[in-house]
Amino acid sequence: MRHGDASIDVHTGESYIATGRSNWWRAIVPGIGLLLAGLLALPRATVTTKYVNDLFVFLDGAHRIAAGQVPNVDFHTPLGPLTFYIPAVGYALSGSMGAAMPVGLSLLILLFSLVAAEIVGSRMHWALGLPLASCLLLVLAVPANPGERIGELSFAMFYNRIGWASLGLLLVMYLCRLPAASSGKGVDAACASFLVLLMLYTKITYGVVGLAFLMFMLFDRRQTGWVALTFGIVAASILAIEMVWGGGVNYLLDISLAGKNSGGFPTMTAIGHVVRHNFADLLAYLAVAVILLSRTPSYRHLLFVGFCMTSGILLIEQNFQFFGILTLGASAAVLSESLFRAELRSGYTRARIAPPLLVAFLLMPAAVGNAASLAIHAYYSAGGRGEAIPLPAFSGVRLVEMWSAGQFEYFQGYNRTLADASDALSQLGAGSERVAVLDFVNPFSAGLRLTPPAGDSVWYHWGRTLGPEYRPAAEEMFADVDLILDPKWPIEIWTGNGMRDIYAHYIARHYDLVRETADWRIYRRNPS
């Protein structure tokens, strides 16, 4: 293998350079972003079929920000602050909790589409770049957890989709700009900084992978300029954000607490499960890599392939996701572009046929599924279909029945418990009191427009954010809490039972049981 890159632009065939000079299709990418954003936001409603409790995490965060709280300063979370500021902006613009997630994400889609148009348009031929940009925008826009079936709608874990799409777009910057693209180190650095900061302040694991990719790119002498500038912009931005936000240290402490409860590095057994579930995609990706390396051998290409596979496997392993390493399609498109740029001997030109087909195999299933799910969400939300969540502020969030057996009935039962608690709180005259819930999430502060407590968390998950040994102190969690709701049928049973056990002594000393219903025990802080 040669240390040089056989796909340097000076070796590019004349006809391929000519096609690269035309940037007419760059304007199409923001147009696609505008279309997807409109489908998501214009109905001004949220439709969900599963993970309703996860959705409440983000709506609670948006409500807290609207009430003046700051993530990792006034409440704990191992997720980045943008995870809550995105729906908070949507809530501020729409005035509706039902529109908070769609409107907030639609604005992000528009920004992302502009960055995608610049990165992909300056580095890829339209036949590869336009489908890739469209697929990444669909990943960002669809209200569905990656790897799940069409119609399984939810904004749950939307931060993973932001991470996959941002990292996939960042990988395109492995390619040098096309000869016809004007030199733009500043533009490249601005685009890369946007993607890295978006990942760091949404879910930090994606941001760490993004920074590792930039470290790898420092060894490409042709692109060192914009990469070094990116590091400078990211560092300066982090300092500026910390001066305004002031929650950076607490953010890292919350992540550390989650890490202690979640366990250490993934086991070989867990990695084996990921590889087995994604074997076909990994095989197709390896086929593209082998074709490229056999025709244009390069240590740099080999390291890029290894980085993309390893990081993709590690990222999906720490997600609540089994199928769909979404960076493989983007990486395969980059490898195909490298092959098209290379000057191949006449006997090898047929090698250029297979990679685009394999790229289509990696991109099309997810793209078609995401487009269908987004259309279904638009149809149901525009028609006001489904069962409204029985809390006044959540009337724009609707539960619909789809094809997942048992999901609708399960969350109907959850809705029934929410209505029961709402009635009990109304009878107790709790309008001015701060409420906490011994369960996965507290939907009542946002759903009933109550003042949220400070010092607690927006998300409790046994074995993830707390456990028997590592957990937030009761004196901090309940310092600002007037009422504690203990569910008899928690939405996440391990979390509900675990919290009841570890905080029972504190609750017994500081709170009195004031109401018991079919679904809840409600405790009020005693005067002493």
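Everything numeric here is computed off the predicted structure, so don't read it as measured data.

Novice: Even after reading the chapter, I still don't get the pairing of strand β5 (residues 483-487), so can you show me in this structure?
Specialist: Along a regular strand, successive side chains alternate from one face of the sheet to the other. The element β5 is extensively covered by neighbouring structure, given that 5 of its 5 residues are classed as buried. The alternating pattern of β5 places Leu-483, Leu-485 and Pro-487 and Ile-484 and Asp-486 on opposite faces, both of which are buried. Looking at chain direction, β5 and strand β7 (residues 520-525) are connected through 5 bridges and run antiparallel. Of the residues in β7, the one forming a bridge with Pro-487 is Trp-520.

Novice: Explanation requested: the pattern of salt bridges in the structure shown.
Specialist: Two side chains with opposite charge may pair up if their charged atoms get near one another. According to the stated counting rule, one finds 18 salt bridges in the structure shown. Of the charged contacts in the structure, one is a salt bridge between Arg-64 and Asp-60, with a shortest N-O distance of 3.0 Å. Of this pair, Arg-64 and Asp-60 both sit in helix α3 (residues 52-66), 4 residues apart, which is roughly one turn of that helix. Summarising the burial analysis for this pair, Arg-64 and Asp-60 share the class buried. The salt bridge involving Arg-222 is made with Asp-220; its shortest N-O contact spans 3.0 Å. Through salt bridges with shared partners, a single network forms among Arg-26, Glu-118, Arg-123, Arg-177 and Asp-188.

Novice: Can you help me understand the packing of α3 against helix α17 (residues 407-427) in this one?
Specialist: Helix packing geometry: the angle between the two helix axes and the distance between the axes. Axis separation between α3 and α17 bottoms out at 11 Å; the angle between their running directions is 50 degrees. If you check the angle between α3 and α17, you find them oblique. Listed contacts from α17 to Val-52, Asn-53 and Phe-56 of α3 are Phe-411, Tyr-414 and Leu-418. When the residues that make up the contact of α3 with α17 are grouped by side-chain class, the tally is 5 nonpolar, 1 polar and no charged.

Novice: In this structure, what is going on with the packing of aromatic side chains? I would like to understand it.
Specialist: The relation between two aromatic rings is expressed through the spacing of the ring centres and the mutual angle of the planes. This model, assessed by the stated rule, comprises 22 aromatic pairs. On the numbers, 5.9 Å between centres and 85 degrees between planes, the contact of Tyr-51 with Phe-320 is edge-to-face. One end of the pair, Tyr-51, is in the loop between β1 (46-48) and α3; the other, Phe-320, is in the loop between α14 (299-317) and α15 (327-341), and 269 residues separate them in sequence. Measuring from centroid to centroid gives 6.3 Å for Tyr-174 and Phe-216, while their planes differ by 5 degrees, and the two rings are stacked. Highlighted residues: Tyr-174 in the loop between α7 (158-171) and α8 (185-200) and Phe-216 in helix α9 (residues 204-217), separated in sequence by 42 residues. For Tyr-174, a relative accessible area of 1% puts it in the buried group. On the basis of relative accessible area, Phe-216 is assigned to the buried category, the value being 17%. By way of ring pairs, the aromatic residues Phe-56, Phe-394, Tyr-410, Phe-411 and Tyr-414 are connected into one cluster. Over the aromatic face of Tyr-174 sits the side chain of Arg-300, whose NZ or CZ is 4.0 Å from the ring centroid.

Novice: Help me understand the layout of surface pockets, please; the structure alone is not making it clear to me.
Specialist: Over the atoms rolls a probe the size of a water molecule, and its path tells where empty space is left. Here the largest pocket is characterised by a volume of approximately 1,500 Å³. For the lining of the largest pocket, the secondary structure elements donating two or more residues are α3, α7, α9, α11 (248-262), α12 (268-277), α14 and α17. When its residues are assigned to classes, the lining of the largest pocket shows 26 nonpolar, 17 polar and 5 charged. Viewed by domain, the lining of the largest pocket spans two of them, domain 1 (35-378) and domain 2 (406-525), each represented by three or more residues. In this structure, the second largest pocket encloses a volume near 590 Å³. If you trace the second largest pocket, you find 35 residues lining it, with Gly-147, Gly-324, Leu-326, Pro-365 and Ala-366 closest to the centre. Elements with a minimum of two residues in the lining of the second largest pocket: α6 (126-141), α13 (279-295), α15 and α16 (354-382). Residues of the lining of the second largest pocket, tallied by class, amount to 22 nonpolar, 9 polar and 4 charged.

How each quantity is defined
- Residues numbered from 1 in each chain as written.
- Predicted model: local features only at pLDDT ≥ 70, side-chain atom pairs only at ≥ 80, totals over all residues.
- Heavy atoms only, no water.
- Buried < 20%, exposed > 50% of the residue type's maximum accessible area, 1.4 Å probe, protein only.
- Helix = DSSP H or I, 4+ residues; strand = E, 2+ residues; numbered from the N terminus.
- Pairing = 2+ DSSP bridges.
- Salt bridge = Lys/Arg side-chain N within 4 Å of Asp/Glu carboxyl O.
- Axes fitted to C-alpha atoms, helices over the stretch in contact; angles between N-to-C directions.
- Parallel < 35°, antiparallel > 145°, perpendicular 65-115°, else oblique.
- Contact = heavy atoms within 4.5 Å.
- Nonpolar A, V, L, I, M, F, W, Y, C, P; charged D, E, K, R; others polar.
- Phe/Tyr/Trp six-rings, centres within 6.5 Å; stacked < 30°, edge-to-face > 60°.
- Lys NZ or Arg CZ within 6 Å of the ring centre and 35° of its normal.
- 1 Å grid on protein atoms, 1.4 Å probe; cavity = no way out; pocket = protein on both sides within 12 Å on 5 of 7 lines; lining within 4 Å.
- Points joined across faces, edges and corners; volume = space filled by probe spheres on them.
- Domains from an automatic or database assignment.

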